[in-house]
Amino acid sequence: MMTLDWQVLIVAFVAISLQIMTSINVMFGRSAVEKCNIWRETDHSPR
């Protein structure tokens, strides 16, 4: 029965870590997009 318990623990840990990673990526992605938009608005160098 130990193998079954370990499988459940591993699956739960992977699911929680994936959820945390996605939430962090969404938060950082939004902040990065906002920073890029501000940088583009303030940057007036010719390209």
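The rules behind these values
Residues numbered from 1 in each chain as written. Predicted model: local features only at pLDDT ≥ 70, side-chain atom pairs only at ≥ 80, totals over all residues. Heavy atoms only, no water. Helix = DSSP H or I, 4+ residues; strand = E, 2+ residues; numbered from the N terminus. Buried < 20%, exposed > 50% of the residue type's maximum accessible area, 1.4 Å probe, protein only. Areas by Shrake-Rupley, 256 points an atom, 1.4 Å probe, with all protein chains shown as cover. Patch = residues over 30% accessible without salt bridge, like charges linked within 9 Å, V, L, I, M, F, W, Y side chains within 5 Å. Salt bridge = Lys/Arg side-chain N within 4 Å of Asp/Glu carboxyl O.

(A) Region of the structure containing the overall build of the chain. Counting secondary structure elements, the chain contains one helix and zero strands. A buried classification covers 0% of the 47 residues belonging to the chain. Total accessible area computed for the chain in this model is approximately 4700 Å², and 72% of it derives from carbon and sulfur atoms.

(B) The arrangement of a nonpolar patch on the surface in detail. On the surface, Trp-6, Leu-9, Ile-10, Phe-13, Val-14 and Leu-18 cluster together into a nonpolar patch covering about 670 Å² of accessible area. Residue placement: Ile-10 occurs in helix H1 (residues 2-42).

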